[in-house]
Amino acid sequence: MIFFPYSTALTLANPPRATYATFALCLLVFWFQLTSGITEQIMYYPQSWNPLTMITSSFAHGGPLHLAWNMIFFMAFAPALEALIGNTWRYIWIMLFISFVVGISYSLFIALGLQKPLPSLGFSGVVMGFIGLSAYMMPQARIRCFWWFIVFWKTIYLRAWILAIVYIGMDAWKLVTAEDFNGVNLVAHVAGGIAGYAYGYFWLRERKAEVADELDEEIEEMKLEQRHGRDRAMAFRGRKKLDREIAERKQRQDDDRFMSRVYKEVSVKRDHVAIALLMERFDLDHLSSGEIEALYNRVKDWGPSRTLLCLGRLIIYSLDQEKRHGRALYFIELCQQI
């Protein structure tokens with residue numbers, strides 16, 4: 001029987017360029033391994049504690065099949081994770097972080113005398129890290145999996161958290177119970193899986209909250225497509241888009257009505273009432289400098305006023321807190337002119 005995940009059942013707004021680049025890098029490194037004989041130089045020897053080869057060994061592989069399986073699993077999870085993380089440099093750092101954790105964990109395992117020291121290479125530690133990170137960032141996302149048995153095959157959908165438990169749990173069990181690992185670095189698999197989940201738990205909580213609504217909506221759409229076909233799912237997406245456009249239009253109309261009230265107070269020099277209205281509607285102390293600047297620009301069109309000066313002072317304070325002193329000086333000059 002053959003069973004493996006091959007794709008996240010989510011649509012992606014942008015192509016996962018960093019994922020594609022990583023895929024290409026692994027192919028390039030393997031080509032150099034075949035043509036230049038660099039494998040021994042880039043493998044990780046656990047007794048060396050060499051941080052450079054902790055990284056280089058992650059992108060090297062022991063053979064075509066080793067490379068193929070790692071890339072299939074990588075592409076099953078990585079594109080969606082890149083989209084959810086939303087920052088290319090952070091995405092790359094996560095791969096490097098997992099590589100370091102995997103290398104250090106393997107060296108500690110060897111230093112404790114729990115396994116015979118063998119050089120290590122392969123992307124599977126990072127892949128398992130991404131599986132663990134998927135369990136944190138998108139636990140309910142459905143992963144397309146290929147299942148084949150003799151003459152029967154089909155595509156099934158399993159949630160990311162289930163796959164994480166299966167793959168990381170199986171390797172953890174083997175690590176504890178097996179006497180011979182058959183050349184597989186199970187320490188790297190387990191350490192990578194734990195590192196990926198831990199990174200998400202400690203450093204991606206805010207990002208997870210930011211994308212939660214969008215992700216939940218996308219998962220719901222994919223469920224509809226799986227159950228009822230693409231046409232119904234497209235109709236669902238169209239209805240959602242229309243609902244959003246209606247809500248946005250209503251919000252703009254409500255904002256315009258509110259700003260008209262503020263304008264009336266400013267125009268008759270009742271700035272204390274205008275400022276009270278703004279404070280009642282907006283949490284001015286917690287708005288970003290950009291959000292306050294948008295308000296400032298609307299009020300600026302009405303001419304000089306105390307309300308405009310109050311918003312200017314808030315922008316200056318916010319920019320100072322963000323250490324954007326050049327921009328703060330610009331607004332100080334504007335307020336002096338007013």
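For the structure given in this document, a descriptive report is provided here. (Residues numbered from 1 in each chain as written. Predicted model: local features only at pLDDT ≥ 70, side-chain atom pairs only at ≥ 80, totals over all residues. Heavy atoms only, no water.)

## Regarding the overall build of the protein
Phase 1: Scanning the protein from N- to C-terminus turns up 14 helices and 3 strands.
Phase 2: For 338 residues, the compact-globule estimate of 2.2 N^0.38 gives 20 Å, and the protein exceeds it by more than 25% at 27 Å.
Phase 3: Structurally, the protein occupies a C-alpha span of about 85 × 50 × 40 Å along its principal axes.
Phase 4: Classification of the 338 residues of the protein by burial places 42% in the buried group. (Helix = DSSP H or I, 4+ residues; strand = E, 2+ residues; numbered from the N terminus. Rg over C-alpha atoms; globule rule 2.2 N^0.38 Å. Buried < 20%, exposed > 50% of the residue type's maximum accessible area, 1.4 Å probe, protein only.)

## Comments concerning the environment of valine 211
Phase 1: By secondary structure assignment, the location of valine 211 is in helix H9 (residues 205-228).
Phase 2: Put simply, valine 211 and arginine 298 are 87 residues apart on the chain and 29 Å apart in space, counted from C-alpha to C-alpha.

## Some words on the sheet that holds strand E1 (residues 2-8)
Phase 1: Pairing in this open sheet of 3 strands is antiparallel, and the strands run E1-E2-E3 from one edge to the other. The sheet is open, and its two edges are formed by E1 and strand E3 (152-159), each paired on a single side. Each neighbouring strand pair of the sheet contributes to a mean axis angle of 25°, computed without reference to strand direction.
Phase 2: Packed onto the sheet, helix H4 (residues 64-85) meets E1 and strand E2 (142-149) and runs at close to 35° relative to E1.
Phase 3: Contacts between helix H7 (residues 160-177) and the sheet are confined to E1, E2 and E3, with E3 contributing the most and set at about 105° to the helix. (Pairing = 2+ DSSP bridges. Axes fitted to C-alpha atoms, helices over the stretch in contact; angles between N-to-C directions. Contact = heavy atoms within 4.5 Å.)

## Brief notes about the nonpolar core
Phase 1: Residues Leu10, Tyr91, Ile94, Ile98, Phe123, Phe130 and Met138 are the most contacted members of the largest nonpolar core, which totals 53 residues.
Phase 2: Those elements that provide at least two residues to this core are helix H1 (17-36), H4, helix H5 (88-111), helix H6 (124-137), E2, H7, helix H8 (186-203) and H9.
Phase 3: Those residues in contact with phenylalanine 123 that lie beyond four places of it in its chain are Thr22, Cys26, Ser58, Phe59, Ala60, His61, Asn70, Met71, Phe74 and Met95.
Phase 4: The next biggest cluster of nonpolar side chains, apart from the first, holds 22 residues, and it includes Leu287, Leu308, Ile316 and Leu319. (Core = buried A, V, L, I, M, F, W, Y, C linked by side-chain atoms within 4.5 Å.)

## Focus on the packing of aromatic side chains
Aromatic ring pairs: the centre-centre distance and the angle between the two ring planes describe each pair.
Phase 1: Counted under the stated rule, the structure contains 22 aromatic pairs.
Phase 2: Aromatic side chains phenylalanine 202 and tryptophan 203 sit 6.0 Å apart centroid to centroid with 55° between the ring planes, which places their arrangement in the tilted category.
Phase 3: Overall, phenylalanine 202 belongs to the exposed group, its relative accessible area being 56%.
Phase 4: Tryptophan 203 gets classed as partly exposed once you look at its relative accessible area, which sits at 46%.
Phase 5: Connected via pairs of aromatic rings, a cluster forms that spans Trp93, Phe97, Tyr136, Tyr197, Tyr199, Tyr201, Phe202 and Trp203.
Phase 6: Taking the ring centre of tyrosine 201 as reference, the NZ or CZ of arginine 205 above it sits at 4.1 Å.
Phase 7: For the cation-ring pair, lysine 208 lies above tyrosine 136, with the distance from its terminal atom to the ring centre recorded as 4.2 Å. (Phe/Tyr/Trp six-rings, centres within 6.5 Å; stacked < 30°, edge-to-face > 60°. Lys NZ or Arg CZ within 6 Å of the ring centre and 35° of its normal.)

## Here's the deal with unusual backbone geometry
In terms of backbone geometry, most residues other than glycine have negative phi values and most peptide bonds are trans.
Phase 1: Notably, asparagine 182 is not glycine yet its phi reads approximately 55°, a positive angle.
Phase 2: Examined against the element boundaries, asparagine 182 turns out to sit in the loop between H7 and H8.
Phase 3: Of note in this structure, lysine 323 is not a glycine but carries a positive phi near 60°.
Phase 4: Positionally, lysine 323 belongs in the loop between helix H13 (306-321) and helix H14 (325-337).
Phase 5: Residue lysine 323 is classed as exposed on the basis of its relative accessible area of 65%.

## Some details on H4
Phase 1: Across its 22 residues, H4 extends 30 Å between first and last C-alpha, which sits within 8% of the 32 Å expected from 1.5 Å per residue.
Phase 2: Of all the bends in H4, the largest measures some 35° and sits at methionine 75, one to four residues before the proline proline 79.
Phase 3: Positioned one or two residues after H4, glycine 86 has a phi angle of 75°, which is positive. (Expected span 1.5 Å × (residues − 1). Bend = angle between axes of the 7 residues up to and from the residue.)

## Some details on the packing of H5 against H6
Phase 1: The geometry of H5 relative to H6 is characterised by a closest axis approach of 9 Å and an angle of 115° between their N-to-C directions. Between H5 and H6 lies a crossing whose hand is right-handed. Residues Tyr91, Ile94, Met95, Ile98, Ser99 and Val102 of H5 form the contact with H6, whose participating residues are Gly125, Val126, Gly129, Phe130 and Leu133. (Left-handed = near helix turned anticlockwise from the far one by under 90°.)

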